Amino acid sequence: MSGRLVAISNRVSIPRKSAAPGGLAVGLLAAMRSRGGLWFGWSGDLTEDEPGETDVVKRAGVTYAITDMRRELFEHYYYGFANGMLWPLFHYFLETFRYRDGYYDAYLEANRFLAGRLQALLEPGDLLWMHDYHLIPMARLLREERVAGPMGFFLHTPFPHYEVLRALPVYAELLRDLCAYDVVGFQTANDLNSFRDSIQYVWGEGAVRDEKSVFVDGRRVRVGVFPIGVEIESIRAESESSQASEQVKRMVRSVGGRKLVIGVDRLDYSKGMVERFDAFQRFLEASPDSHGKVTFMQIAPLSRADMRSYESIREQLEGLAGRINGQFADTDWTPLRYLNRNFSHDILMGFMRAAHVCMVTPVRDGMNLVAKEFIAAQDPRDPGVLILSTLAGAARELTNALQVNPYDTRGVAQTIQTALSMPLSERRQRHRSLMEVIRRNDIHAWHGNFVAELEAAGSKQPRAARRK
Ligand code: F6P
C-alpha cells in the first residue's frame, strides 16, 4: 500500500532562503521533498477574526496547505498550553510549569479547528502523520468525524517520566489521545520506556504486554523508536559550497586564525546556554594561555520571545555575555560573540565547517539535530570536535562525541580544553565513527521506517474502513 503522505505540524516550513527553520521543520522538509505529499499546518499569520481560506501552494513535488489562526485562540493554545505547559513538563522544568484549564480548552479547540481544515483536504488512502506535542488530540478529533485512515504521531521532544507527567491534571486525557493513533514514535528508547510506563500505570500490565505495542480501549497502538536524522549529502554540499560565500569568508577572516568554538540553538531555556556560558568563563579562567587564541560564537535566534520564561533566559544570557567579555576581552579580541539572529541553512553549515569545536549542551533535548548537522558539515580530513550533553537524545547514538553533563561547569570547561587540543588522528577517528552512525540513521531512514510502520498498520485495516 502506498497512499499519499500527509504530514501535519504546527509550523510548516515553505522553503525560503532567509532563515534556517528549527529541527522539526528541517527534518520534515527533507522527508517531504524525497517522498512528496501534502504538508499541512499553521501559516505563521494571525487574524483578529475568523481566518480566511486555507492557502495551498506547490513547490518541488510538495503541496503545502497553510491556514492562519485566530490570535486569541493561537495564543492560548501555543503559548498557554503547548509551550507554557507541555514544553516545560516534557523537558523536566517543573518550576516553569503553570496549569490553567482554559488553556487546555484552547488546545482542544485549536486542534479541532486544524482537524476541520485538514479534513477538507484529505483523499482516500492518505497516510496521516502528525508531529509533536501541539497536535496530540488530533487523531481522536478526526476519528470522531469518522476519518478512519492510518494515523501516526511522532514526538520530537522527550517524553517525560510518569512522575513528572502526572503533574499535568489532564495527563490521562493526553495518554488516551495518543492511543487514538495507529503508530506512536519517539526519539529514544528512554522516551518510549517512559510512555510505556505511563500506560502501564493508568491501564495496568495487560496494556503493555507486547514490546512493540500498547493496548488501550480495545485498540492496538504500535509504538517504536525512530531517531530523527539529517540529510547528509545536502549538508556536505552546503557546508562546502558556502565556504566561498562572502558571509562565511567574512566570519572566518574576523576570527583571524584563532580557534573557533560554535554553538547554534534556538534561544530556549532547555538548551543549556547559561550553563554553557558559565563553563566557557571557567575555561577562560583556568586557561590563561588560551586568551586571545579562542573565540566562542553563540548563535541564538529568538524563539517564543513573548513568553516570560524566554525573556528571562534572554536577560540572563545578555548579562553573562557582557560579564565574560568585560572580564576577558582585549583591544583586539572579543572572547564571546553572542548573536540573537538567524542565518540561512547553508551559511550555518559553512560556519560549522569552519569551527574547531561545537558545543551542543542542552539540559534536556528530544534529539538535537545541530549535533548531527555539525558532524555532517565537517571536512573529514580535518574535522572539528563535538561536545555533546548526555541529556540530549542524540547522546544515545553519538557515543563517540565528547560527552558532558551540562551542569558540571568544571567538567565542561575541561572538555573544551580537551577538544581544542585533540590530535588530528583522534579527531579523524571519532569523526569517522560518528559519520557511520548518522549515515545509518539519516533522515531517509527516519521517515522510511516510520512510514513503513504506518503502512503496515494501514494494511491491517479493512479497506472500506479507511475513509469516512
Ligand atoms: O523540539 C521540538 C520543536 O518542534 C523542534 O523540532 C523545533 O525546532 C522547535 O520545537 C520549534 O519551536 P517553535 O515552532 O515553537 O518555534
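Notes on the structure follow. All of these numbers come straight from a predicted model, not from anything done at the bench.

**Describing unusual backbone geometry**
Stage number 1. Despite not being glycine, Ala60 shows a phi value in the positive range, around 45°.
Stage number 2. In this fold, Ala60 is placed in the loop between β3 (55-59) and β4 (62-70).
Stage number 3. With a phi angle near 80°, Asp132 is a residue other than glycine that sits in the positive phi range.
Stage number 4. Here Asp132 shows up in the loop between β5 (127-131) and α4 (138-144).
Stage number 5. Overall, the relative accessible area of 6% leaves Asp132 in the buried class.

**Notes on the side chain of Thr67**
Stage number 1. Its location among the elements puts Thr67 in strand β4.
Stage number 2. Other than its neighbours up to four places away in sequence, Thr67 contacts Phe40, Gly41, Trp42, Ser43, Pro51, Thr54, Phe113, Leu114 and Arg117.

**Regarding the sheet that holds β3**
Stage number 1. Read across the sheet, 9 strands follow the order β3-β4-β2-β1-β5-β6-β7-β9-β8 without closing on themselves; strand pairing throughout is mixed. The sheet is open, and its two borders are formed by β3 and β8 (213-216), each paired with just one other strand. Sheet twist, expressed as the mean angle between neighbouring strand axes with direction ignored, is 25°.
Stage number 2. Across 8 bridges, strand β2 (residues 37-47) lies against β4 in parallel orientation. Looking at the pairing, Gly37 lines up with Val62 of β4.
Stage number 3. Along the sheet face, helix α3 (residues 101-119) touches β1 (5-11), β2, β4 and β5 and points at about 140° away from the line of β4.
Stage number 4. Relative to the sheet, helix α16 (residues 443-459) contacts β1, β5, β6 (151-154), β7 (183-186) and β9 (219-225), its axis offset from that of β5 by approximately 130°.

**A short note on the site of the ligand**
Stage number 1. The environment of the ligand is formed by 10 residues, the closest being Arg11, Leu24, Tyr78, Asp132 and Arg304.
Stage number 2. Note that an oxygen atom of the ligand is positioned 2.7 Å from one of the side-chain N or O atoms of Arg11.
Stage number 3. Its free accessible area being 390 Å², the ligand has 86% of it covered by the protein chains.
Stage number 4. Looking at the shell around the ligand, the elements with two or more residues in it are α1 (23-35) and α2 (71-90).
Stage number 5. Considered class by class, the residues forming the shell around the ligand number 3 nonpolar, 3 polar and 4 charged.

What counts, and at which threshold
Residues numbered from 1 in each chain as written. Predicted model: local features only at pLDDT ≥ 70, side-chain atom pairs only at ≥ 80, totals over all residues. Heavy atoms only, no water. Helix = DSSP H or I, 4+ residues; strand = E, 2+ residues; numbered from the N terminus. Buried < 20%, exposed > 50% of the residue type's maximum accessible area, 1.4 Å probe, protein only. Contact = heavy atoms within 4.5 Å. Pairing = 2+ DSSP bridges. Axes fitted to C-alpha atoms, helices over the stretch in contact; angles between N-to-C directions. Near = heavy atom within 4 Å. Polar contact = N/O pair within 3.5 Å; in protein donor to acceptor, adjacent residues only side chain to side chain. Areas by Shrake-Rupley, 256 points an atom, 1.4 Å probe, with all protein chains shown as cover. Nonpolar A, V, L, I, M, F, W, Y, C, P; charged D, E, K, R; others polar.

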